[in-house]
Amino acid sequence: MAKQAAIHGTPRACNYKGRASLCGYWLLITGYCCLLLFTIHYSLFTAVYAGEPGTAAASFLKFPAGSRPTAMGEAYTALSEDIYAGWWNPAGFGSIEFPEIGATYNASFQDVAHQYLSFAYPLKYGSTLGLNLIRLGVAPFQGYDAQGAKTRSVESSDYSIGAGYGYVILKDEVERPLLNAGINFKMIQEKLDSVSASAFAVDVGAIYSKRPAYYWTRKAPGQEFKFGLALKNIGTGLKYDRLSFPLPWSINLGAAWLGHVKNNEFALSLDQSISKDDKYRISLGVEYIAFNILALRAGYKTGQETGSGIRAGVGFKFSIVNLDYAFAPFGELGQAHRIGFSMKLGTQGFRRHPTLGKWHKAETGAQIVGEKTATRLELFAEDFLALAKKDFQARNYPSALDNIVKAGSLEPKLLDGEWGDKEKRLGQIVKGMKFREMPKKLKILARQSNESNLAHESIEAYMEGKNTKAFLLAEASFGTNQIKDSVFEEYLNLTSRLAEIEIRREEILPKPALIKEKFKKAAAAFYLQKFDVSVKELLEIALIDETNELAWTRLGSAYFAAGDKEKSKATYQKVLEMNPYNKSVLEFMKIQGWK
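The following paragraphs examine the structure supplied in this document. (Residues numbered from 1 in each chain as written. Predicted model: local features only at pLDDT ≥ 70, side-chain atom pairs only at ≥ 80, totals over all residues. Heavy atoms only, no water.)

**Examining helix α12 (residues 531-544)**
Step number 1: Here α12 is 14 residues long and its end C-alpha atoms lie 20 Å apart, about the 20 Å a rise of 1.5 Å per residue gives.
Step number 2: Those residues of α12 lying buried are F531, S534, V535, E537, L538, E540, I541, A542 and I544.
Step number 3: Contact partners of the buried residues in α12: α9 (467-480), α11 (511-527) and α13 (549-561). (Helix = DSSP H or I, 4+ residues; strand = E, 2+ residues; numbered from the N terminus. Expected span 1.5 Å × (residues − 1). Buried < 20%, exposed > 50% of the residue type's maximum accessible area, 1.4 Å probe, protein only. Contact = heavy atoms within 4.5 Å.)

Next up, the structure:
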């Protein structure tokens, strides 16, 4: 795994720190909510008068865009966070990190050709503009007059030109989108020979992501649940002469689950759709991406009158380019073959690195192949560990624990080693002190006082597996607190149980006094030739004050007197590392012939 990011700077702010200020974006959010309420009311009202299939104009707007969505049974409302967001759910534009272009060509039956072209440009991370063009055309066909006589060839084509915007309203601790909103405006035109009609329409959408963090996800790390809502083709009717025909509006609800199995991506999706020009439909889709290169997809769409409704396809990921193919059978009418590609324009994205305070650049092409590759999971896991360290230093122990768990949900191997032990030990402290239930205790430990600082050092020592040091510092912490606050006494009792060391009431002293008391005990034991006791007391001094030269010097003497010359030599060498000019130690080592 890549080297963990260094931690500097102030403690982490609100989880949603990537959110713009309310003053800066109130117009966008308020306008979006009003438009969403209006479209829901309009859609529910018109649903009462919904016609049968074939009663709406601009039916080309129902042709799905993109080979990946088609191959997944057109269950894409919650997954649409790519270049095809302009057709499926404009909220997905907000998650696009790189300038991107995409196109799809559909070689349909009966000489019908459908093309989709889209371009997305991030203004900043979480704020993206999109342009899209849809064209449906048929090969020129023979025209006839009212008497059935042949006339000239007739041409027919349909167009839609759209402009969309996606915005990330909420982000999590490592800047991943939690709640997106989007809107797409479009101008629609249908032309048959010399007759044409135009209309204007709007699509609105939202995507919400939920990412579980606890152990049941370990077999499939990096899990996400996504929920999407899209209302499409809400607008004016197409008017031919005096007659106006409604657009094929639709309400689409989607849900998806994403996970990773041995660094391979896996997705399941479900869509439900209510439309002016169609029956109630359910769509199901599945995708498996092996080795971040080959994507296998399949899906099923209910209610298809001709053909089985089965969909299938494959995709290939090549650094900044994706190639996709989808197949859809339509019974006697034939098969529809859809080919698409998308390309990222550049290798620098807009994902803000939350722990370094600067824009994060992808180091290799492999890192920008997909949004949820193994490399990206490692990066996100490192971000959570970095945030855990910052939270710990800020003495927000519950949040630090949560971020370690989140890192483990993305990279389970982390919790099999050192970080797993730290997570367990910090969990014991958080649970034992009831920090979540009684946050006032955290405020007391966050004070920059001697007793609070010692308690923090003790917790850090316990996380690192240094039980005796943690216990001694807990004694010093409670001993330093003159008013004998119950929080420090409670922490000492907890540490005593966890370290399995009985509390020594005579040693509940401030740190300097505790060290002085232990020097006295060590000296007394030495003169009584109880060298093991002397060694124990001096070692405990060295634990709580690692730079105490006198303690290390006397420890070397105690080891020598106890007959352990190897430990004595190693201890004296440590003394010389702290002070190369310690004459008494230099002379003694010279006499012993130690270098």
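Continuing now.
**Points about the packing of aromatic side chains**
Any two aromatic rings considered together are summarised by their centre-to-centre distance and by the angle between their planes.
Step number 1: Across all of its chains, the model carries 15 aromatic pairs by this definition.
Step number 2: Centroid distance F526 to Y527: 6.2 Å. Interplanar angle 85°. Geometry classified as edge-to-face.
Step number 3: Given a relative accessible area of 71%, Y527 falls into the exposed group.
Step number 4: Look at F526 and F531: their rings are 5.3 Å apart centre to centre, the planes differ by 70°, and that puts the pair in the edge-to-face class.
Step number 5: Taking the relative accessible area as the measure of exposure, F526 reaches 28% and is therefore partly exposed.
Step number 6: Following the ring pairs from residue to residue traces out a cluster consisting of F560, Y572, F588 and W594. (Phe/Tyr/Trp six-rings, centres within 6.5 Å; stacked < 30°, edge-to-face > 60°.)

**Observations regarding the nonpolar core**
Step number 1: Grouped together as the largest cluster of nonpolar side chains are 67 residues, with contacts concentrated most on Y397, L426, I429 and F435.
Step number 2: Considering every element that reaches this core, the biggest residue donor is helix α4 (residues 374-393), with 8 residues.
Step number 3: With residues up to four places along the chain from it excluded, the contact list for L426 reads F392, Y397, A400, L401, I404, I459 and M463.
Step number 4: Judged by nonpolar contacts, the second largest core, of 28 residues, contains A120, L136, L238 and A256. (Core = buried A, V, L, I, M, F, W, Y, C linked by side-chain atoms within 4.5 Å.)

**Notes on the pattern of salt bridges**
Step number 1: Considering all chains together, one arrives at 28 salt bridges under this definition.
Step number 2: Of the charged contacts in the structure, one is a salt bridge between K518 and E537, with a shortest N-O distance of 3.0 Å. Remark: E537 occurs in helix α12 and K518 occurs in helix α11; sequence separation between them is 19 residues.
Step number 3: Classification of K518 by relative accessible area gives buried; the value is 0%.
Step number 4: Linked through salt bridges whose partners overlap, the residues forming this network are R504, E506, E507, K518, K521, K536, E537 and E540. (Salt bridge = Lys/Arg side-chain N within 4 Å of Asp/Glu carboxyl O.)

**Notes on the packing of helix α8 (residues 450-463) against helix α10 (residues 486-499)**
Step number 1: In contact at an axis separation of 12 Å, α8 and α10 are set at 20° when each is read in the N-to-C sense. The angle between α8 and α10 places the two elements in the roughly parallel class. The two elements α8 and α10 meet at a crossing, and its hand is left-handed. Between α8 and α10, the contacting residues are E451, S452, A455, S458, I459 and Y462 on the first element and F488, Y491 and L498 on the second.
Step number 2: A class-by-class count of the residues in the contact of α8 with α10 yields 6 nonpolar, 2 polar and 1 charged. (Axes fitted to C-alpha atoms, helices over the stretch in contact; angles between N-to-C directions. Parallel < 35°, antiparallel > 145°, perpendicular 65-115°, else oblique. Left-handed = near helix turned anticlockwise from the far one by under 90°. Nonpolar A, V, L, I, M, F, W, Y, C, P; charged D, E, K, R; others polar.)

**Focus: the environment of F380**
Step number 1: The topology assignment puts F380 in helix α4.
Step number 2: Residue classification places F380 among the buried residues on the basis of a relative accessible area of 3%.
Step number 3: In sequence terms F380 and A407 are 27 residues apart; their C-alpha atoms lie 7.3 Å from each other.

**A few points about the side chain of T571**
Step number 1: Structurally, the position occupied by T571 is in helix α14 (residues 565-578).
Step number 2: With relative accessibility at 7%, the residue T571 sits in the buried group.
Step number 3: Among all residues touching T571, those that are not within four sequence positions of it are W552, L555, G556 and Y559.

**Side note on unusual backbone geometry**
Step number 1: The backbone of E500 shows a phi angle near 60°, a positive value even though the residue is not glycine.
Step number 2: Within the secondary structure, E500 sits in the loop between α10 and α11.
Step number 3: In this structure, Q529 takes a positive phi of about 60° despite not being glycine.
Step number 4: The residue Q529 is located in the loop between α11 and α12 in this model.
Step number 5: Residue Q529 is classed as exposed on the basis of its relative accessible area of 61%.

**Considering the side chain of E540**
Step number 1: Take E540: it is sitting in helix α12.
Step number 2: Here E540 is in contact with T468, L472, R504 and K518, once residues within four sequence places are set aside.

**Regarding α11**
Step number 1: Along its 17 residues, α11 runs 25 Å from first to last C-alpha, staying within 8% of the 24 Å computed at 1.5 Å per residue.
Step number 2: Those residues of α11 that sit buried are L514, I515, K518, F519, A522 and A525. Buried positions in α11, seen along its axis, are confined to an arc of 140° and lie on one side of it. In α11, the exposed positions angled more than 90 degrees off the buried face are occupied by P512, K516, K520 and Y527.
Step number 3: Two residues or fewer past α11, Q529 is found with a positive phi of approximately 60°. (Arc of directions from axis to C-beta.)

**Notes on the packing of α14 against helix α15 (residues 583-592)**
Step number 1: Contact pair α14 / α15: the axes reach a minimum separation of 10 Å and the direction vectors enclose 145°. By crossing handedness, the relation of α14 to α15 is classed as left-handed. Of the residues in α15, those touching α14 at K569, Y572, Q573, V575 and L576 are V585, L586, F588 and M589.
Step number 2: Along the lines of polarity and charge, the residues of the contact of α14 with α15 split into 7 nonpolar, 1 polar and 1 charged.

**Digging into a nonpolar patch on the surface**
Step number 1: A contiguous nonpolar surface patch, about 740 Å² in accessible area, is contributed by F291, I293, L294, L296, F316, F318, L323 and F341.
Step number 2: Put simply, the parts of the chain that give the nonpolar patch at least two residues each are β15 (294-301) and β16 (310-318).
Step number 3: Positionally, I293 belongs in the loop between β14 (278-290) and β15. (Patch = residues over 30% accessible without salt bridge, like charges linked within 9 Å, V, L, I, M, F, W, Y side chains within 5 Å. Areas by Shrake-Rupley, 256 points an atom, 1.4 Å probe, with all protein chains shown as cover.)

Spatial relationships are all this shows, so hold off on functional conclusions.
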